[in-house]
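Survey of secondary and tertiary structure
Here are the chains, one letter per residue:
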Amino acid sequence: MKKLLYQFDTDPLPSLFDNVVGYDGGADHISAYGGLHSANVGPLVEGAIFTRASKDKKNTAIFIGGGSVAQGEALLDAVLAKFFAQFRVSVMFNCNGCNTTAAAAVACLAHGRSLAGKRAVVLAGSGPVGQRAAVLLAREGAQVAITGRKLAVVEAARDSIKARFAVDVTAIEAPSGPERAAAIEGAQVVLAAGAAGITLLDAAQWQNSAALELLADANASPPAGVEGVGMSDRGAASHGKLLFGPLSFGALKLSVHRACIARLFGQNDLVLDVNEIYGVAKALVT
Ligand SMILES: NC(=O)c1ccc[n+]([C@@H]2O[C@H](COP(=O)([O-])OP(=O)(O)OC[C@H]3O[C@@H](n4cnc5c(N)ncnc54)[C@H](OP(=O)(O)O)[C@@H]3O)[C@@H](O)[C@H]2O)c1
């Protein structure tokens, strides 16, 4: 029986990246749908859950992607609401790579050490990757703050994190470099999760921080999100801190994504969201 993956995307054009990784994760065939939302996804879900016998439903799975986490979450909720009794298939949620990227970054930061009780700041933590990373850092026991350029935006992200995951983070308005440098004062862990090609911190702004122990940058598009962090740094020591660059956890992120796709076809009742995907990252990180 063929392993069928249904790629549900909130964007008009479904993600090609998610399509390729879907095949590399083990799907035999992928049907990609764009422009989906809670009001039009119902018939597609019915097609997925009513077509195969219970013992065969594990060979059908759904992947939810797209550029907007909020829209994707609404789509996920609509998909799950259609399931009942044995009429369900496994689902993975990874809008904009939010869960796999955040899981890989935090798994690298937490590998071989405890983050419990540490102060962690996610710079530009209002975005998809930053929000999920904030959740995971908090789950590791850190006291987490997220920054953004506008207080209203970063507070909305904080409220969304609280509503969906029951996790408390602090919202900090930090529109430019000096405010971001002030925001990381006293933090032991900093993860930069800004938009591609945006530099959030100059080298001097982190090199002089006495408290800082672990510094990671998710941005893989030059210039670096944090000046002085190398693309492939994997715990490289500099100025008394350990540095993690985007390519060092990018490979793990892809492995996690593939492994999660493979898991979807192992049973018909999985919902792989941030916590489950983090579990996969923790198992794979070396
Ligand atoms: N290493 C990997 O394997 C990997 C995989 C996927 C993604 N990524 C990278 O991870 C990063 C985060 O991804 P994402 O999808 O969450 O990013 P995103 O949504 O594009 O941007 C994240 C945040 O950056 C802030 N931002 C945007 N423009 C800015 C500017 N000019 N100055 C300062 N801040 C700005 C915004 O926050 P405010 O508006 O609140 O300031 C936004 O919420 C990106 O760099 C992405 O390329 C890496």
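To be clear, the structure that these remarks concern was listed above.
Summary of the structure given here. (Residues numbered from 1 in each chain as written. Predicted model: local features only at pLDDT ≥ 70, side-chain atom pairs only at ≥ 80, totals over all residues. Heavy atoms only, no water.)

Bringing the sheet that holds strand β11 (residues 241-244) into the picture now. Taken in spatial order, the seven strands make up an open sheet running β7-β6-β5-β8-β9-β11-β10, and their pairing is mixed. Each having just a single partner strand, β7 (170-173) and β10 (234-238) make up the two edges of the open sheet. Going from strand to strand, the sheet's axes swing by 20° on average, the running direction of each strand aside. As paired strands, strand β9 (residues 214-217) and β11 are joined by three bridges and run parallel to one another. Counterpart to L214 in the pairing with β11 is L242. Helix-sheet contacts for helix α6 (residues 151-165) involve β6 (143-148) and β7, and the interaxial angle to β7 is about 165°. (Pairing = 2+ DSSP bridges. Helix = DSSP H or I, 4+ residues; strand = E, 2+ residues; numbered from the N terminus. Axes fitted to C-alpha atoms, helices over the stretch in contact; angles between N-to-C directions. Contact = heavy atoms within 4.5 Å.)

Moving on, we get to the layout of surface pockets. Each pocket or cavity is described by its volume, and for the largest pocket that value is around 330 Å³. Taken together, 16 residues line the largest pocket, and the ones lying closest to its centre are A124, S126, R149, G194 and A195. When contributions to the lining of the largest pocket are tallied by element, the ones reaching two or more residues are β6 and α6. Classifying every residue of the lining of the largest pocket by side-chain character gives eight nonpolar, five polar and three charged. For the second largest pocket, the calculated volume is near 260 Å³. Around the second largest pocket, the lining is made up of 15 residues, and of these T101, A218, N219, A220 and P246 lie nearest the centre. A per-element tally of the lining of the second largest pocket places helix α9 (residues 246-264) first, with five residues. Its residues assigned to classes, the lining of the second largest pocket comprises nine nonpolar, five polar and one charged. (1 Å grid on protein atoms, 1.4 Å probe; cavity = no way out; pocket = protein on both sides within 12 Å on 5 of 7 lines; lining within 4 Å. Points joined across faces, edges and corners; volume = space filled by probe spheres on them. Nonpolar A, V, L, I, M, F, W, Y, C, P; charged D, E, K, R; others polar.)

Here the focus is the sheet that holds strand β1 (residues 4-9). In space, the five strands of this open sheet follow the order β2-β1-β3-β4-β12, with parallel pairing throughout. Bordering the open sheet on either side are β2 (29-33) and β12 (271-272), each of which pairs with just one other strand. Sheet topology places strand β4 (residues 90-93) next to β12; two bridges connect them, and they run parallel. Along β12, the bridge assignment pairs V91 with V271.

In this section: the nonpolar core. Residues L5, M92, L137, V144 and I146 are the most contacted members of the largest nonpolar core, which totals 55 residues. Here L5 is in contact with G22, A27, H29, I30, S31, A61, I62, F63, I261, L264 and F265, once residues within four sequence places are set aside. (Core = buried A, V, L, I, M, F, W, Y, C linked by side-chain atoms within 4.5 Å. Buried < 20%, exposed > 50% of the residue type's maximum accessible area, 1.4 Å probe, protein only.)

Honestly, that's just the spatial picture; any functional story needs more than this.
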